[in-house]
Amino acid sequence: MVPEAEVQDVLAELQRLRARVPLLSGALAASIDGLVLAHDTPGVEAEGVAALTAAALGVSIRMTDATGRGGFRELLVRGETGYIATYAAGSSAVLTLLAEDRINVGRLHLEGRRSGSRIGELVDAALERTPQPAPGPRAPVPRTPHQPGPLPHRPT
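**Q** Would you mind going over the layout of surface pockets in detail, with residue names and values included?
**A** Volume-wise, the largest pocket comes out at about 160 Å³. As for the largest pocket, its lining consists of V44, V49, L52, T53, A56, L75, V77, I84, T86, T96 and L98. Residue assignment for the lining of the largest pocket shows that the elements contributing at least two residues are α2 (46-66), β3 (74-79), β4 (82-89) and β5 (93-100). Sort the elements by how many residues they give to the lining of the largest pocket and α2 lands first, with four residues. Considered class by class, the residues forming the lining of the largest pocket number eight nonpolar, three polar and no charged.

Below, the structure is given as structure tokens:
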């Protein structure tokens, strides 16, 4: 996980972004698996948005792979009353922005990409400094004749 000092730096970046772009109604940084790192999302359930972002990210990554468009960079969704924009933030995080319908989408992309880059640098550097626990040995699971084996799966 990301140390608290970096979480505070990420939150400060989200708050600066919201100050620079007045028609942003929320900003959230999350891990690629849907855990909230920091958020400035008044009136919105951050955990739910982070989980939905992870789901949308999974589909987006598969789409870019299937169409040969390279790695994921960003996703824009337009609803009746505004936008949801998600930007890559380094190798292990994403930035999701909630914007009003009147926002200048070019400005949204410009500022979102810049902040995504900054947040990615913060998170990736923090994760590089954090020692990762080595996986422990797994005890073999005894199988009885009545237990089925593992399900077959297709390589992704």
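**Q** Go over the pattern of salt bridges with me, naming the residues and quoting the values.
**A** Using the criterion set out here, one finds nine salt bridges in the structure. Measuring nitrogen to oxygen at the nearest pair gives 2.8 Å for the salt bridge that ties R16 to E13. Note that R16 and E13 are positioned in helix α1 (residues 4-20) at a spacing of three residues, about one turn of the helix. Given a relative accessible area of 42%, R16 falls into the partly exposed group. The partner of R107 in a salt bridge is E111, and the shortest N-O contact between them spans 3.4 Å. Pair noted here: R107 and E111 are both in helix α3 (residues 105-129), with a separation of four residues, about one helical turn.

**Q** Outline the side chain of D124, listing residues and values.
**A** With respect to the helices and strands, the residue D124 is situated in helix α3. Summary of buried charges: D124 has no salt-bridge partner, and the nearest side chain of opposite charge, R73, is 10 Å away. Once residues lying within four places of it in the same chain are set aside, the contact partners of D124 are G90, S91 and S92.

**Q** Lay out the nonpolar core in plain terms, naming residues and giving numbers.
**A** Among soluble globular proteins, nonpolar side chains are generally buried collectively. Of all hydrophobic cores here, the largest spans 24 residues; its most connected members are L24, L97, L108 and I119. In this view, L97 contacts L17, L24, G26, A27, Y83, I84, A85, Y87, L108 and G112; residues no more than four positions away in its chain are not counted. By size, the runner-up hydrophobic cluster in this structure holds eight residues, among which are L28, A50, F72 and V94.

**Q** Requested: an account of the sheet that holds β4, with residues and values cited.
**A** Whether parallel or antiparallel, the strands of a sheet pair through hydrogen bonds between backbone atoms. Taken together, five strands build an open sheet; the order of strands is β2-β1-β5-β4-β3 and the sheet is antiparallel. The open sheet is flanked by β2 (36-40) and β3, the only strands paired with a single partner. On average, adjacent strands in this sheet sit at an angle of 15 degrees to one another, irrespective of strand direction. Sheet topology note: the strand β1 (residues 24-31)/β5 ladder contains seven bridges and is antiparallel. Across the sheet, the residue bridging to G26 is L98, located in β5. Sheet strands in contact with α1 are β1, β2 and β5, and its direction is about 30 degrees off that of β2.

**Q** Go over the pairing of β2 with me, naming the residues and quoting the values.
**A** In this structure, β1 lies alongside β2, joined through four bridges in antiparallel fashion. From the neighbouring strand, A27 faces β2, where its bridge partner is D40. Taking the residues that link successive antiparallel strands as the turn, the β1-β2 hairpin has four residues, and the phi of G34 there is positive, at about 95 degrees.

**Q** Please provide a residue-by-residue account of α2, values included.
**A** With 21 residues, α2 ought to run about 30 Å at 1.5 Å a step, and its terminal C-alpha atoms sit 30 Å apart, in line with that. Here α2 has its buried residues at A46, V49, A50, T53, A54, L57, S60 and T64. When α2 is viewed along its axis, its buried side chains cluster within an angular range of 140 degrees and face the same direction. In α2, the exposed positions angled more than 90 degrees off the buried face are occupied by L52, V59, R62, M63 and A66. In the stretch just after α2, G68 is the one whose phi turns positive, near 70 degrees.

So, how was this worked out
Residues numbered from 1 in each chain as written. Predicted model: local features only at pLDDT ≥ 70, side-chain atom pairs only at ≥ 80, totals over all residues. Heavy atoms only, no water. 1 Å grid on protein atoms, 1.4 Å probe; cavity = no way out; pocket = protein on both sides within 12 Å on 5 of 7 lines; lining within 4 Å. Points joined across faces, edges and corners; volume = space filled by probe spheres on them. Helix = DSSP H or I, 4+ residues; strand = E, 2+ residues; numbered from the N terminus. Nonpolar A, V, L, I, M, F, W, Y, C, P; charged D, E, K, R; others polar. Salt bridge = Lys/Arg side-chain N within 4 Å of Asp/Glu carboxyl O. Buried < 20%, exposed > 50% of the residue type's maximum accessible area, 1.4 Å probe, protein only. Lys, Arg positive; Asp, Glu negative; His and termini not counted. Contact = heavy atoms within 4.5 Å. Core = buried A, V, L, I, M, F, W, Y, C linked by side-chain atoms within 4.5 Å. Pairing = 2+ DSSP bridges. Axes fitted to C-alpha atoms, helices over the stretch in contact; angles between N-to-C directions. Expected span 1.5 Å × (residues − 1). Arc of directions from axis to C-beta.

Keep in mind that these numbers describe shape and distance, not what the molecule does.
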